[in-house]
Amino acid sequence: MIRLMRILAIVPVLWLPAGCGKTPWNDPYPEAERGQNILYSVFSERPKHLDPAQSYASNEVTFIGQIYEPPLQYNYLKRPYTLEPLTARELPQPRFYDKQGKQLPQDAAPAQVAMSEYEISIRPGILYQPHPAFARDAQGRLRYHDLNAAELDKINTLSDFKFTGTRELTADDYVYEIKRLAHPRLNSPIFGLMADYIIGLKEYGTLLSKQDKLLRQNNAAAYLDLNRYPLAGAEVVDRYTYRVKLKGKYPQFVYWLAMPFFAPVPWEADRFYAQPGMQAKNLLLDWYPVGTGPYLLSRNDPNKQMVLVKNPNFRGERYPAEGEADDRAQGLLADAGKTMPFVDKAVYSLEKEDIPYWNKFLQGYYDASGISSDTFDQAVKVGAQGEAALTPDLQQKDIRLVTTVATTISYMGFNMQDPVVGGLSERARKLRRAISIAVDYEEFISIFRNGRGIAAQGPIPPGIFGYVEGAAGLNHYVYDWVNHHAQRKPINEAKRLLAEAGYPNGRDAQSGKPLLLHFDTAATGPDAKSRLEWLSKQLQKIDIQLVIRATDYNRFQDKMLKGDAQLFEWGWNADYPDPENFLFLLYGPNKKAGLNGENAANYDNPEFNRLFEQMKNMDNGPARQQVIDAMLAVARRDAPWVWGYVPQSYALYHSWYFNAKPNLMANNGLKYLRVDSKLREQKRTQWNQPRLWPLLLIGLVLLLALAPAWWVWRKKLYAPARGAES
Amino acid sequence: MKLVFLQTDILIYCLLLVIGLYIWRARGKAHLAAPWRKVARRPAAMASAMVLLAFVIVGLLDSVHFREPLSNQKPGVTEYSLEIVSLLDKLLTPLRKHNEKTYSAPLATRLFAMETIEQPDGRIARAYPRLQYGGAELGATPKGYARDIGRLTLKGTLLALLLWLALTTALSTWLTQHRNLGWRALWRGEAELPWRAILFTLGVLLWLVCVTWAIAPHYHLLGTDKVGQDVLYQALKSIRTGLVIGTLTTLVMLPFALWLGVMAGYFKGWVDDVIQYIYTTLNSIPGVLLIAAAVLMMQVYMDIHKDAYNSITERADVRLLLLCLILGVTSWTGLCRLLRGETLKLTEMEYVQAAQAFGVSHWKIMSRHILPNVMHIVLITVTLDFSALVLAEAVLAYVGVGVDPTMNSWGNMINSARLELAREPLVWWPLAAAFVFMFALVLAANLFADAVRDAFDPRAE
Amino acid sequence: MIAYLLRRMLYAIPILLGVNVFIFILFFAVNSPDNMARIQLGMKHVTPDAVAKWKHEHGYDRPLFFNGPAPGAGKFTETVFFHKAVPMFAFQFGAADDGRDIGQDIKTRMWPSLVLAVPVFLIGLLVNITFALILAFFRATYIDFGGVVLCVAMMSISGMFYIIGGQFLVSKLLHLVPISGYQGGWDAFKFLVLPVAIGVIGGVGSGTRWYRTIFLEEIGKDYVRTARAKGLAERVVLFRHVLRNALIPILTGAVVVIPTLFMGSLIAESFFGIPGLGSYTIDAIRSQDFAIVHAMVFLGSALYILGLLLTDVAYTLVDPRIRLA
């Protein structure tokens, strides 16, 4: 009976909201947000750093890209990716100098160039977001820079400060941030790299460490004032101009100028957050960014939600008026010339798992979504010609599909220092090529990525200079060009190569022992098992036995650093759209083992290295293409990687979501986006009508199940009473 | 063929030996056999025992491992494949080898998802590709599907019926001759043992086995998973994992719990204090954290000794064993505390005090007088813990500290099935298979453990 | 009584110290500070310099337990163990390896955990006792038998199935509640209905069965037989005598759990995206954030010990014959 009562008690509670209107019950957002100009998105991992000098992960850049403004940005619509000024007046042109400090012409040979100088001038009148660090009192003194414990006691979040202020952006702030890359208490991931290029940065780091140690002898929280120490390689010319000086020639430097590492940081913010007691309240620059961008971070709860709202001081930027040929038809130019940003607020919710994310997207609670391999069949059907289209189910919801090829490569590497699979001998090459043919990445893409990817022919993915399409770009060691498409060589070819390498039928020709290879991976989780099994099956095709050594991420990293692995999977996500950023993954002096570089396969071919050094400093053009082709030929012959695949990403957008165009380089895309919140509200209501009858049905069944209990109860109830009477 | 003894295999054999010894000892002694008689009289317990027996048989078949010689031998030396297979694998060869490309529903003849197929004339079409093995006899365009399934089911059913009748007849003849029981008495349930329940369970099990045996080589009875492996095969292989975790865990923790618990209760004083301190400390650490840390640690161990394990099976096996060890360490505290309490009570007994007065050594008192008298607690705890451990495996797999991801286990199956539930149309069969197998095992274990507890617990009734 | 409590609290110190040492050994046997640094610094461009800097910044550049070269007491105090473990006793958890203050995080994440765990605990207790009482009332009938079988069946289903199934049915198919997520205040209701219901249903099997045996034990006692012999109705016997007496062991048994409710539920929180301490712990395990794992272990142990203490107190309160000395 009680069971029944419980169910009956729940039912009216569930009816209640339905009675109040037809709003859906499963809306995960507060009532007050309904119908507002808000964009809903997700983050899947709690961001670790929001300090532009420290942050490198893509999930962090999602936020700080909207807040901090480096001097340059990527054009939102144009492809191939092109840089354009953001706060700078124009794209900086480097000036070259020789050892004697004499200026060289632009076409000087790279060997002659001892120093290059970038002069950047920024636009005046750009203001920072309102922030207590800028707040000044009537006398013009900074209000919150000398807080005592009692004052700080009342503060728990940033919004507890009553006054805020702002200030104009100056060239100083850019130079200050470059200095921060060397800050001993920050861990800038690019400090090591930049110290090799920016003049004096390495020494600056040493100097700061020394000064810091002195300072902190007495007081661990003492403030290290970078303004007191000048940096040789970064100087302020005037209020709006600064110069960066680099050793030698480094044409890729302009790409770095579009990353948050080179965004401005006001010294007031550093000083403000450095006050004692701030850290214990999580009040840090690492958590509360201060920028000039279109948005500011109004809520920072990485356990749940991050909220960006419009920066009231933002100068306003115009939506671009030109794009690719197709963009007008796609409606991407409808807002051309209008003032950005469009969305008042962006709410990012923590969504660690794919399934809830996907389901909420389908219910209309997220504006955009990717497609995981498990939801693919539900979302996309591939047409007769292999083109992707949405399923009727999703078409009915007016969802749009946009596909892009990522500037990412995912590969399987051979450790070139391994005695069996490594080395540049002909035997080892043949073994590696045999494996390259056997591991059928087309099948991998079809099973695990539902065809969303392209089997790679070399280390350079499409969309990056140096990539060649079609027969000319084919890896002839693994593929044949048949009927206008690449076809993997037959498995017998792999077996033949294996025999030539000294392992006929997968057995060592001399000892007769079966060939046994080790595959190291940090993969765990549901999908890993099937993927690893698939890989074993691939090698079984040529009678090689694969031992999977699965371990945790730490151990795996450790092994890679020691060069202990044999076969492994690895990937690389482009920092910037230049072939140098991919080819350096095979550059000998950039080895992982021992040298801590990014060359995970520890590939070291002198010929390749020489060509790389030549290619690095060249400008894009036929000459560079020629060098790259030569490099690819060397690498394909040596086969240090099974080239793997380039993932293709499919994005789904709801009908109320406008101006979205995937841009893998730009990280400040939020300002371009627009939503139609009225349409969204209507669709959400339509899609989320609660269904109650199954619950009632379950209740009814339980009720029926209780009938015999009722009967026994009555019997029992009267039994002792009657017994007493008689 | 070359036999391979995995570490868990050896422990399983040890466990069998221990159980064998126990039975041998219990046969002669009335006080040991009596509670078991009591268990045997309960129909539910005997039916569960039959189910458990079926699981155990599968698990044992899966615990005899060997390596097969490679097919292309050089004369003189025989080289063996690195792949370690078990008797069960051998029995299930068709299931093991019949891999499709990807998902297919139970008893399907086509893949679950559409694919782009290049037709002979060069045109590209979108269709459900035909399975390579599922209903292969039916040809490229499956005809007579329903009849084929019906025929196979009938074949299995008839076989089951024949076997069951044969067994029943044999049993009743034997009972008539030795126990003087007619089959009529058997049927009416007048015998001491609940033969009706036993025979009924046997019948159901036989039917399931025979029908599976008839259908499985021709169809994927429970469908295939993402990489086209037969789900039935995976579920059957998972049985061993479940059993090993349920039994070996208790086996490895038993010596600790027994000696520490008894010592604490017997010696009292500082020994008691130290032992209590140890188990309170261990007990106060949240279990999952402890297991997570320990699992990570054992990965280091395995990386240092990486050359010792040449195959996936061996690596996975060591990880399984270590997981059992860790689970054992985290779960021995409960038993230890119970034993301590019971021993405290026993030391107050006259016969123990008398033995002490006569100067019998501590060791002898503990092993002769105390241990036998706390064994019922051990037995009850062990049977009760079994099902909890099988269930715990699934949770650990979710946290990412369970058995090796390459190993077949229900936890791993459930974990990957989470993603499948989000697909549309729904891929339900791997989850359903894991559910049914796990449920059957745990339910049977729970019912059996209940009977054991009722029979052995002196407080009950 | 007060002296006893004080002694027990002092006794907690060596236990907590033991926990600390144990978890330290376990963690650093698998992880070197270098590994930790590398994880925190991300994938790209990690130089040994950066690793050294990170270790210094986070205090992992000292020896773990024993600092040989340091003078005097510094041999023990200038170690990672001393600097990380001792402040715990003052519940100063310090900063996580990613820089956030753990104390703040615990303070904010504690509430969602409690809001989920307390209703599961209370409603679960109520439902289990009710069902157990019903089964005890119908003892030795088919309803009792059927109920027990149902309980065993429900116990035999892995908790994962309840969560997966419930989420699929109620959120995805029926659109009754949000799939996952959390909001503070009254909005929390719609997010918590399902996890609480699943938590209760998942525990009904074992709970009911356990309480049923307690009731049956009580029913078998002499005073109940006397009461029944006096001709009291079964209902009266059950409610006035059996329930009241059986509640004592049930409630005192439940007290030990109360403090650990703070720790939240590992699995349910993860599945339903509730930002409580349970999912905090799981995330920390997965990202190997030692500082958080360490803090949570310490907190868990402390709360467990508190639970034991409360149990003792509860016993003296309900049964005056027990005196704590």
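Model, not experiment: these values are computed from the prediction. (Residues numbered from 1 in each chain as written. Chains lettered and ligands numbered in written order. Predicted model: local features only at pLDDT ≥ 70, side-chain atom pairs only at ≥ 80, totals over all residues. Heavy atoms only, no water.)

> What am I meant to see in the overall build of chain A here?
Helix and strand content of chain A: 21 helices and 27 strands. Each of the three principal axes of chain A carries a C-alpha extent, and together these read 120 × 85 × 60 Å. Looking at chain A alone, contacts between residues at least 24 apart form 70% of all its contacts between residues at least 6 apart. Put simply, chain A shows about 29,500 Å² of open surface, and 54% of that area lies on carbon and sulfur atoms. Between the centroid of the 87 positive side chains of chain A and the centroid of its 79 negative side chains there is a distance of 4 Å. (Helix = DSSP H or I, 4+ residues; strand = E, 2+ residues; numbered from the N terminus. Contact = heavy atoms within 4.5 Å. Areas by Shrake-Rupley, 256 points an atom, 1.4 Å probe, with all protein chains shown as cover. Lys, Arg positive; Asp, Glu negative; His and termini not counted. Charge placed at Lys NZ, Arg CZ, Asp CG, Glu CD.)

> Looking at this structure, how should I read the packing of helix H14 (residues 362-399) of chain B against helix H16 (residues 429-456) of chain B?
In a pair of packed helices, the angle between the axes and the distance between the axes together describe the arrangement. All names here are of chain B. Packing of H14 against H16 leaves a shortest axis separation of 9 Å and a crossing angle of 165°. For the element pair H14 / H16, the angle class is roughly antiparallel. Like other packed secondary-structure pairs, H14 and H16 cross with a definite hand, here left-handed. Contacts between H14 and H16 pair His376, Leu379, Ile380, Thr383, Leu384, Phe386, Ser387, Val390, Leu391 and Ala394 from the former with Met438, Leu441, Val442, Ala445, Asn446, Ala449, Val452, Arg453 and Phe456 from the latter. When its residues are assigned to classes, the contact of H14 with H16 shows 14 nonpolar, four polar and one charged. (Axes fitted to C-alpha atoms, helices over the stretch in contact; angles between N-to-C directions. Parallel < 35°, antiparallel > 145°, perpendicular 65-115°, else oblique. Left-handed = near helix turned anticlockwise from the far one by under 90°. Nonpolar A, V, L, I, M, F, W, Y, C, P; charged D, E, K, R; others polar.)

> Sorry if this is basic, but what is going on with the pattern of salt bridges here?
Side chains bearing opposite charge may pair, as long as their charged atoms lie close to each other. The full count for this structure, using the stated rule, is 60 salt bridges over all chains. Residues joined by salt bridges that share partners form a network here, namely A:Arg95, A:Glu117, A:Glu119, A:Glu235, A:Arg243 and A:Lys245. (Salt bridge = Lys/Arg side-chain N within 4 Å of Asp/Glu carboxyl O.)

> Even after reading the chapter, I still don't get the sheet that holds strand S8 (residues 241-247) of chain A, so can you show me in this structure?
Backbone-to-backbone hydrogen bonds pair the strands of a sheet. The strands run either parallel or antiparallel. Residues and elements named next belong to chain A. Pairing is antiparallel across the open sheet formed by five strands, whose spatial order is S5-S4-S6-S8-S7. Single-partner strands in this sheet number two, and they are strand S5 (103-104) and strand S7 (234-238). As judged from the three bridges shared by strand S4 (residues 95-97) and strand S6 (residues 115-121), these two strands associate in the antiparallel manner. Considered in S6, the bridge of Arg95 is made with Glu117. (Pairing = 2+ DSSP bridges.)

> Got a minute to help me understand the domain arrangement of chain A in this structure?
Where interface size is quoted, it is often the accessible area lost as the parts come together. Residues and elements named next belong to chain A. By domain assignment, chain A separates into domain 1 (2-25 + 690-725), domain 2 (47-278) and domain 3 (408-649). Each of domain 2 and domain 3 has a C-alpha centre, and these two points are 38 Å apart. Contacts between domain 2 and domain 3 engage twelve residues on the former and eight residues on the latter. Buried surface at the junction of domain 2 and domain 3, both sides included, amounts to about 980 Å², of which 52% is carbon and sulfur. (Domains from an automatic or database assignment. Buried area = accessible area lost by both parts, 1.4 Å probe.)

> I keep staring at the nonpolar core and nothing clicks. Help me out?
By size, the foremost hydrophobic cluster in this structure holds 209 residues, and its most contacted members are B:Trp410, B:Ile414, B:Met438, C:Ile102 and C:Phe215. Element by element, the count of residues in this core is highest for helix H9 (residues 231-267) of chain B, at 17 residues. In this structure, A:Tyr68, A:Leu181, A:Leu583 and A:Met665 belong to the second largest nonpolar core, which totals 142 residues. (Core = buried A, V, L, I, M, F, W, Y, C linked by side-chain atoms within 4.5 Å. Buried < 20%, exposed > 50% of the residue type's maximum accessible area, 1.4 Å probe, protein only.)

> What's the story with the interface of chain B and chain C in this structure? I'm lost.
Listed per partner, the contact involves 40 residues of chain B and 39 residues of chain C. Carbon and sulfur atoms make up 76% of the area that chain B and chain C hide from each other, which totals about 3,600 Å². Scanning the region where chain B abuts chain C turns up one salt bridge. In this structure, the salt-bridge partner of C:Arg209 is B:Asp450, at a minimum N-O distance of 2.4 Å. Sorting the residues of the side of chain B that touches chain C by element identifies helix H10 (269-284), helix H11 (287-304), H14, helix H15 (410-420) and H16 of chain B as the ones contributing at least two each.

> Hey, could you run me through the domain arrangement of chain C in this one?
All names here are of chain C. Structurally, chain C comprises domain 1 (2-90) and domain 2 (106-318). Each of domain 1 and domain 2 was reduced to a C-alpha centroid, and the two centroids are 36 Å apart. Counting residues at the interface gives 22 residues for domain 1, matched by 16 residues for domain 2. Summed over both sides, the interface of domain 1 with domain 2 buries roughly 1,600 Å², with 77% coming from carbon and sulfur. Inspection of the domain 1/domain 2 interface yields zero salt bridges.

> Looking at this structure, I do not really get the side chain of B:Thr201. What am I missing?
Along the chain, B:Thr201 falls in helix H8 (residues 195-215). Once residues within four sequence positions are removed from consideration, B:Thr201 is found in contact with B:Ala47, B:Met50 and B:Val51.

> Whenever I open this one, the interface of chain C and chain A confuses me. Can you help?
Listed as interface residues are 60 residues of chain C and, on the opposing side, 69 residues of chain A. Together chain C and chain A conceal approximately 6,000 Å² of surface at their shared face, both sides included; 52% is due to carbon and sulfur atoms. There are two salt bridges connecting chain C and chain A. Of the charged contacts, one joins C:Asp283 and A:Lys352 as a salt bridge, the two residues approaching to 2.9 Å between their closest N and O atoms. If you look at where chain C meets chain A, you find twelve residue pairs in polar contact (both at pLDDT 80 or more). If you list the elements that add at least two residues to the side of chain C that touches chain A, you get helix H2 (33-41), helix H3 (48-57), helix H6 (102-137), helix H7 (142-155), helix H8 (159-173), helix H9 (188-219) and helix H13 (277-287) of chain C. Looking at the side of chain C that touches chain A, its residues break down into 27 nonpolar, 18 polar and 15 charged. (Polar contact = N/O pair within 3.5 Å; in protein donor to acceptor, adjacent residues only side chain to side chain.)

> What is the right way to look at the packing of aromatic side chains in this model?
How two aromatic rings sit relative to each other is set out by the distance from centre to centre and by the angle between their planes. Applying the stated criterion across every chain yields a total of 52 aromatic pairs over all chains. Geometrically, the ring pair formed by B:Tyr266 and B:Phe267 is edge-to-face, given 5.2 Å between the ring centres and 85° between the ring planes. You can call B:Phe267 partly exposed: its relative accessible area is 34%. Chaining the aromatic ring pairs together yields one cluster made of A:Tyr56, A:Tyr255, A:Trp256, A:Phe261 and A:Tyr576. One residue, A:Arg143, lies across the ring of A:Phe163, its end atom 3.7 Å from the ring centre. (Phe/Tyr/Trp six-rings, centres within 6.5 Å; stacked < 30°, edge-to-face > 60°. Lys NZ or Arg CZ within 6 Å of the ring centre and 35° of its normal.)

> It is not clear to me how H13(C) should be interpreted in this structure. Could you clarify?
Given 3.6 residues to a turn, an α-helix orients residues that are three or four positions apart in the same direction. Residues and elements named next belong to chain C. H13 sits mainly inside the fold: eight of its eleven residues count as buried. For H13, the complete set of buried residues consists of Leu277, Gly278, Ser279, Tyr280, Thr281, Ile282, Ala284 and Ile285. Taken from the residues just after H13, Gln288 is the one with a positive phi, measuring 55°.

> Any chance you could explain the confidence of the model for chain A here in plain terms?
Predicted coordinates in areas of low pLDDT are best not read in detail. Residues and elements named next belong to chain A. In the predicted model, chain A carries a mean pLDDT of 86, and the fraction of residues at 70 or more is 93%. In this model residues 1-21 is a low-confidence stretch, pLDDT under 50, and it forms 20 contacts with partners more than four residues away in sequence or in other chains. Contacts from residues 721-726, a stretch scored under 50 in pLDDT, to residues over four places away or in other chains number zero contacts. (pLDDT = per-residue confidence, 0-100.)

> Help me understand the sheet that holds strand S1 (residues 2-4) of chain B in this model?
Residue and element names in this part refer to chain B. In spatial order, the strands read S1-S2-S3; together these three strands make up an open sheet with antiparallel pairing. Of all the strands in the sheet, the pair left with one neighbour each is S1 and strand S3 (80-86). Averaged over all neighbouring strand pairs, the angle between strand axes comes to 35°, with direction disregarded. Sheet analysis places strand S2 (residues 65-69) next to S3, joined by four bridges and oriented antiparallel. From the neighbouring strand, Arg67 faces S3, where its bridge partner is Ile84.

> Quick question: what am I supposed to make of the packing of H6(C) against helix H11 (residues 234-255) of chain C here?
All names here are of chain C. Two elements in contact, H6 and H11, have axes separated by 11 Å at closest approach and are oriented at 140°. Taken together, the axes of H6 and H11 lie oblique to each other. Regarding H6 and H11, the two cross each other, and that crossing is right-handed. Facing Phe121, Leu125, Ile129, Leu133 and Phe137 of H6, the residues of H11 in contact are Glu234, Leu238, Phe239, Leu243, Leu247, Ile250, Leu251 and Ala254. For the contact of H6 with H11, a count of residues per class yields twelve nonpolar, no polar and one charged.

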